[in-house]
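Here are the chains, one letter per residue:
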Amino acid sequence: MKHSTICCVVGARPNFVKIAPLMHALRSFSEIKTELVHTGQHYDHSLSASFFRELNIPEPDRHLNVGSGSHGKQTALIIERFEQVCFQQRYDWIVVVGDVNSTMACALVGAKLKIPVAHVEAGLRSFDRTMPEEINRIVTDAICDCHFVSEPSGVENLKIEGVPEYKIHLVGNIMIDTLVKQLNQIKPEMTLQTFNLEPRSYGLVTLHRPSNVDHPDTLRNLLLTLNNISRQIPVMFPVHPRTRITIDQLIDSGELTLNASFAMTEPLTYNHFLALMANARIVFTDSGGMQEETTYLNVPCLTFRENTERPITVQKGTSTLVGSNPDTILSVFNTIMNGQYKTSEPIDLWDGCTGRRIAKILAEKCRSESF
Ligand code: UD1
C-alpha cells in the first residue's frame, strides 16, 4: 500500500484544540505518517504547552519559533520558515485548521509548492473584513484543495465563492470532539473549589478580539458593564495576554477599579477552563470557539460582537450577539437571570466523531492521489 505523509500545522491556542482529535484519528491508518509543525505564534506555557499536555498532542516534529509581531512580520516569518520545512520534507498533504495567521501562511506555502492543502473549519464567514481572521479565512479557502466544514452556512458560503462541491465536506465540529472527550475526564468540583465558585452561579468572561480590547475606552466600557453584573453574580475573567496589556494601562492610569467579585486570573489550562465553562450560569465572550462550546453545553452565551461567522450558534444555539452596548448586554443578562432565555438544540454532526470523519476522507484522498 502507498504510504503518505500528512503535515498538520498549528500555531495558536484554538488550533491545538482542533488538531488533537484529528491526529488521534489519523493514527488508525497505518499507511499514513503524520508530522506536526508548530509555528510558534503562541509560545506562553499557558497558551501552548499546557494544551499539548492535557490534550495528549505529540511533541511537534518541527518548531518554527516565529513568536509575536505585526501581521506582516509574523505571516512573512511563518511563510519563510515553513517553506524551508516543505523543501526538506515530502508532504503528500498539509492540513491547516481555523483562521489564525499560521493557518493562512502555511496554506499559501502549500499552494505555491503544489502540495495539496486541506482546511479544517472552512467556509465560515463573518462578512466583516475588519477582522484579521476573516481575511485569513477567505484567503485560505480560496487556495486550498479540500474544505472540511463545521456547519451548513459554511457549505453555502463556499458554493457562492465558486468552490466546486466535490471539494466540500460537511463533517461537523472538531472542537466538540475535544470537548466531549475532556468532559469525561475533568473534575469540575476541584476547579470550582479552587476559584471559590458554586455551580451555575457565576459568569465567565473571555475577551481578546482587537476591536474589543486594543482601545482602552472600548475595553473600559465593557469591563465596567461586567463590573455592574458582578454586583449580582461573581464574575471570573481569565485574561488573554493581548487584553492584559490594555488592562494594565487602564489600571496604571487609575481609570479602572473593579469589585472584588470581578476576579481576573492568568489564562487557564483547557481542562480548568472547560470545567468553568460547563458550570457557568452565563458566558460573556468574543471568542468564536466559545460560541460553539456553550451551544453544545447549553450554557447561555452573550457574544460581545456585532456579527458572527458561526450563525448556527445564534439560530439553534445559546449565543446572542450583544455587541458592546451596555443596555443591550444588561437587558439580555436580565432575561437569563429571570430564567426566560432560550436553550440550544442538538446540532447535526457535532457529536465527537468529526476527527474520524476527516481522517477517513484524508486517507481516501491519499490512496487515490487525486485531490
Ligand atoms: C490569535 C489569533 C486569533 C485567535 C487567538 C486565540 C490571528 C490574527 N489571531 O490572536 O484569531 O482567536 O490567537 O488566542 O492569528 N502573546 C503573548 N504570549 C503568547 C502569544 C501572544 O504574550 O504566547 C501576546 C503578545 O503581546 C502578542 C499578543 O499577545 O503581541 C497577540 O498575539 P497574536 O498571536 O498576534 O494574536 P492573538 O490576539 O493571540
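Look up a bit, the structure's there.
Residues numbered from 1 in each chain as written. Predicted model: local features only at pLDDT ≥ 70, side-chain atom pairs only at ≥ 80, totals over all residues. Heavy atoms only, no water.

**Student:** What should I look at first to understand the site of the ligand in this one?
**Tutor:** Residues in contact with the ligand amount to 19 residues; listed here are only the nearest, Gln41, His42, Asn101, Glu133 and His208. Within the contact set of the ligand, an oxygen atom lies 2.9 Å away from a backbone nitrogen or oxygen of Asp44. Glu133 places a polar side-chain atom, nitrogen or oxygen, 2.5 Å from an oxygen atom of the ligand. For the ligand, whose free accessible area comes to 740 Å², the fraction covered by protein is 87%. Counting residues per element, the ones that place at least two in the shell around the ligand are helix 1 (13–26) and helix 11 (241–252). Element by element, the count of residues in the shell around the ligand is highest for helix 11, at 3 residues. (Near = heavy atom within 4 Å. Polar contact = N/O pair within 3.5 Å; in protein donor to acceptor, adjacent residues only side chain to side chain. Areas by Shrake-Rupley, 256 points an atom, 1.4 Å probe, with all protein chains shown as cover. Helix = DSSP H or I, 4+ residues; strand = E, 2+ residues; numbered from the N terminus.)

**Student:** Quick question: what am I supposed to make of the sheet that holds strand 11 (residues 282–285) here?
**Tutor:** Two modes of strand pairing occur in sheets, parallel and antiparallel, and in both the strands are linked by backbone hydrogen bonds. The strand order across the open sheet built from 6 strands is 10-9-8-11-12-13, with neighbouring strands paired in parallel fashion. Strand pairing shows two members of the sheet lacking a second neighbour, strand 10 (262–265) and strand 13 (319–321), which therefore form its edges. Direction aside, the axes of adjacent strands within the sheet are offset by 20 degrees on average. With 4 bridges joining them, strand 9 (residues 235–238) and strand 10 adopt parallel strand pairing. (Pairing = 2+ DSSP bridges. Axes fitted to C-alpha atoms, helices over the stretch in contact; angles between N-to-C directions.)

**Student:** Please explain the packing of aromatic side chains as it appears in this structure.
**Tutor:** Two descriptors summarise a pair of aromatic rings, namely the distance from one centre to the other and the angle between the planes of the rings. For the structure on display, the rule yields 6 aromatic pairs. With centroids separated by 6.1 Å and ring planes inclined at 20 degrees, the aromatic side chains of Phe237 and Phe262 adopt a geometry described as stacked. Taken as a pair, Phe237 in strand 9 and Phe262 in strand 10 lie far apart in primary sequence, 25 residues in all. Phe262 shares its class with Phe237; the two are buried. Put simply, the rings of Phe16, Phe51, Phe52 and Tyr270 touch in pairs and so form one group of aromatic residues. (Phe/Tyr/Trp six-rings, centres within 6.5 Å; stacked < 30°, edge-to-face > 60°. Buried < 20%, exposed > 50% of the residue type's maximum accessible area, 1.4 Å probe, protein only.)

Geometry only, nothing functional implied.
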